[in-house]
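# Fold and contact review
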Amino acid sequence: MRPVIPYVTAALLFGLGVYGVLRRRNAVLVLMSVELMLNAVNLILVTADTTARAVLPHSGQVFALFVIVLAAAEIGVGLAIVLQLYRLRATVAVDDVPLTEPAESSQPVGGREPATAGRDGEAGR
């Protein structure tokens, strides 16, 4: 087997994934683009394992298995974040996500007033 074809296919998949991450605004499509990039890496690992004689046998396939497990965990956490984002903002557009809290918000997280210190240094109730 000529290793050029899988390497070129992997490069095209990875380039398509990078394009999707940089250009898409939908968070679900960004996650799918990351999966494309991980699959391209898997293709390279398995192709390199079959074409090059490594010191450790089947090491590329073992690394590909670890990448698949990592991708499954990433998709689980990523979809949970996207669902929570949709619940809070009613959109999954990446551009609409604020990266910092607004400065004018004086209400603490949890909705309670902070405990104030009394005259003798004890916390107020």
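Quantities reported herein were computed from a predicted structural model and do not represent experimental measurements. (Residues numbered from 1 in each chain as written. Predicted model: local features only at pLDDT ≥ 70, side-chain atom pairs only at ≥ 80, totals over all residues. Heavy atoms only, no water.)

## Here's the deal with the overall build of the protein chain
Put simply, the rule reads: A run of H or I in DSSP counts as a helix once it spans at least four residues, and a run of E counts as a strand once it spans at least two, with each numbered from the N terminus. Burial here depends on accessible area, computed with a 1.4 Å probe over protein chains only, as a share of the maximum for the residue type. Under 20% is buried, over 50% is exposed, and the range in between is partly exposed. The contact criterion used is simple: two residues touch if any of their non-hydrogen atoms lie within 4.5 Å. Values of accessible area rely on a 1.4 Å probe in the Shrake-Rupley scheme; residue burial ignores everything except the protein chains shown.
Within the protein chain one finds 3 helices and 0 strands. Written out in order from the N terminus, the α and β elements of the protein chain read α-α-α. In the protein chain, which comprises 125 residues, the share counted as buried stands at 19%. Sequence-distant contacts, at least 24 apart, represent 52% of the contacts inside the protein chain between residues at least 6 apart. Accessible area for the protein chain stands at about 9900 Å²; split by element, carbon and sulfur atoms hold 65% of it.

## A short note on the pattern of salt bridges
We count it as follows: By salt bridge we mean one thing: a side-chain nitrogen of Lys or Arg within 4 Å of a carboxyl oxygen of Asp or Glu.
Across all of its chains, the model carries 1 salt bridge by this definition. One salt bridge connects R25 with D95, and the closest N-O pair in it is separated by 3.0 Å. Of this pair, R25 sits in the loop between α1 (4–23) and α2 (27–51) while D95 sits in the segment after α3 (59–89), and the two are 70 residues apart along the sequence. The pair formed by R25 and D95 is uniform in burial state, with each residue classed as exposed.

## Some remarks on α3
Keep this limit in mind: Every helix has an expected span of 1.5 Å times one less than the residues it contains.
Relative to the 45 Å expected for 31 residues at 1.5 Å per residue, α3 spans 44 Å between its end C-alpha atoms, a close match to the ideal helical length. For α3, the set of buried residues is G60, A64, V67, A71, G78, V82 and L85. In this fold, the buried residues of α3 make contact with α2. Just past α3, the residue A90 takes up positive phi, approximately 60 degrees.

## So, the confidence of the model for the protein chain
Caution applies to low-pLDDT parts of the model: their predicted coordinates are not meant to be read in detail. The following threshold applies: One confidence number per residue, pLDDT, is output by the predictor and ranges from 0 to 100.
The predicted model of the protein chain averages 82 in pLDDT, with 78% of residues at 70 or higher. Mean pLDDT across the elements of the protein chain ranges from a minimum in α3, with 89, to a maximum in α1, with 95.

## Structural notes on the side chain of E35
What counts here: The positive count covers Lys and Arg only, the negative count covers Asp and Glu only, and His and the chain ends enter neither.
With respect to the helices and strands, the residue E35 is situated in helix α2. Despite its burial, E35 remains without a salt bridge, the nearest opposite charge being carried by R24 at 15 Å. Each residue touching E35, except ones within four places of it in the same chain, is listed here: A71, E74 and I75.

## Points about the packing of α2 against α3
For the record, the criterion: For helices, the fitted line uses only the C-alpha atoms of the stretch in contact; every axis is such a line through C-alpha atoms, and the angle between N-to-C directions lies from 0 to 180 degrees. Oblique is the label for any angle not covered by the other classes, which are roughly parallel (under 35 degrees), roughly antiparallel (over 145) and roughly perpendicular (65 to 115).
As a packed pair, α2 and α3 sit with axes 8 Å apart at the nearest point and diverge in direction by 175 degrees. Viewed along their axes, α2 and α3 adopt a mutual orientation that is roughly antiparallel.

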